[in-house]
Amino acid sequence: MTNIANINNTPITMTSREIAELVGKNHADVMRDIRNLVEQLTKAELLSCAESTTYIGKDGRSYPQYELDKDTTLTLLLGYDAVARMKVVKRWQELEIKVEQPRVPQSMPEALRLAAEAIEQRDQLALENKFQAEALADAAPKVEALDRFANLDGKHTVRPAAKLLGVVESHLTKWLLIHKWYYRDHSGRLCAYADKISSGYLDTIPVEIKRTEGVQVVQQPVILQKGLAKIAELLAKDGMLRRSAA
């Protein structure tokens, strides 16, 4: 994505107040979301532009706000719903149109050159918009999965996990085996792969099994909330998970 600058070569930005108005959120909540995003992008050395500035409120006092460039704004939108994302994308398109300053060619060669530049810019913008739309579409299953399951508590065996996901228990078990989340030991008991445990997706809990020779304690695999959200994301991408109503 390319961040556009105005005629004075100053990058175009959108304030956190305008974003809050467009997405229908409290400014304080948007500021919180931006602070979290800035922290993550700064650690990953991917922060583009998120300048902390101030504005004057109706009471004449100064209050903090953020000014974001296009890349950072669209990254922030991945956590919001589709309607909010579309509103901000359309607003960015309006801002970009406003900074386009028409130039009057003074000769035929200049007119041809300007025409070629206009076509190139149009094609570049269309390509960027296509990439943005694809990025938002790819992120949608992950965002929805986090929204649906990130706030749940507890550890889930296959049966309650399947119920939460809205899939058949046997289908989920088969998926877990095929995608190497679970495996069966020599007795046919389900076990968790170590890499999924270390990733925070799975865990194990001790379960007592009564046998003729006495009680045996085995480790039963359970799906953690992070794992439930990841499974929902992958199932949604494969078209196996029914999308929740908006």
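Everything below is about the structure printed above this text.
Undergrad: So what exactly am I meant to see when it comes to the packing of helix α6 (residues 158-165) against helix α7 (residues 169-178) here?
TA: The description of two helices packed together rests on the angle between their axes and the distance between the axes. Contact geometry for α6 and α7: axes closest at 9 Å, N-to-C directions at 105°. By the angle class used here, α6 and α7 are roughly perpendicular. Taken together, the residues of α7 that come into contact with α6 (itself represented by Val-158, Arg-159, Ala-161, Ala-162 and Leu-165) are Glu-169, Leu-172, Thr-173 and Leu-176. Its residues assigned to classes, the contact of α6 with α7 comprises six nonpolar, one polar and two charged.

Undergrad: Explain the sheet that holds strand β3 (residues 62-68) here, please?
TA: Pairing in this open sheet of three strands is antiparallel, and the strands run β1-β3-β2 from one edge to the other. Strands at the two margins of the open sheet, each flanked by one partner only, are β1 (14-15) and β2 (50-56). Across two bridges, the pairing between β1 and β3 is antiparallel. The residue bridging Met-14 from the neighbouring strand is Leu-68, located in β3. Helix α2 (residues 27-43) contacts β2 and β3 of the sheet and is inclined by roughly 50° relative to β3.

Undergrad: What should I look at first to understand the nonpolar core in this one?
TA: The tendency in soluble globular proteins is for nonpolar side chains to be buried side by side. Among the nonpolar cores identified, the biggest contains 23 residues, and Val-23, Val-30 and Leu-76 are the most heavily contacted of them. Listed by contribution, the elements that provide at least two residues to this core are α1 (16-23), α2, β3, α3 (70-77) and α4 (82-99). Take this core: its biggest share by element is six residues, from α2. Other than its neighbours up to four places away in sequence, Val-23 contacts Val-30, Leu-77, Tyr-80, Ala-84 and Val-88. Counting residues in each nonpolar core, the second largest holds 18 residues, with Ala-162, Trp-181, Leu-202 and Leu-228 among its members.

Undergrad: What exactly am I supposed to notice about the packing of aromatic side chains here?
TA: Two measures describe an aromatic ring pair: the distance that separates the ring centres and the angle between the ring planes. On inspection of all chains with the given rule, the structure shows four aromatic pairs. Geometrically, the ring pair formed by Trp-181 and Tyr-201 is stacked, given 5.2 Å between the ring centres and 20° between the ring planes. With a gap of 20 residues between them, Trp-181 in the loop between α7 and β4 (182-184) and Tyr-201 in the loop between α8 (194-198) and β6 (202-211) connect regions that are remote in the sequence. The burial state of Trp-181 is the same as that of Tyr-201; both residues are buried. Members of the aromatic cluster, each reached through a chain of ring pairs, are Trp-175, Trp-181 and Tyr-201. Taking NZ or CZ as reference, Arg-17 lies 3.9 Å from the ring centre of Tyr-55, over its face.

Parameters and conventions
Residues numbered from 1 in each chain as written. Predicted model: local features only at pLDDT ≥ 70, side-chain atom pairs only at ≥ 80, totals over all residues. Heavy atoms only, no water. Axes fitted to C-alpha atoms, helices over the stretch in contact; angles between N-to-C directions. Helix = DSSP H or I, 4+ residues; strand = E, 2+ residues; numbered from the N terminus. Parallel < 35°, antiparallel > 145°, perpendicular 65-115°, else oblique. Contact = heavy atoms within 4.5 Å. Nonpolar A, V, L, I, M, F, W, Y, C, P; charged D, E, K, R; others polar. Pairing = 2+ DSSP bridges. Core = buried A, V, L, I, M, F, W, Y, C linked by side-chain atoms within 4.5 Å. Buried < 20%, exposed > 50% of the residue type's maximum accessible area, 1.4 Å probe, protein only. Phe/Tyr/Trp six-rings, centres within 6.5 Å; stacked < 30°, edge-to-face > 60°. Lys NZ or Arg CZ within 6 Å of the ring centre and 35° of its normal.

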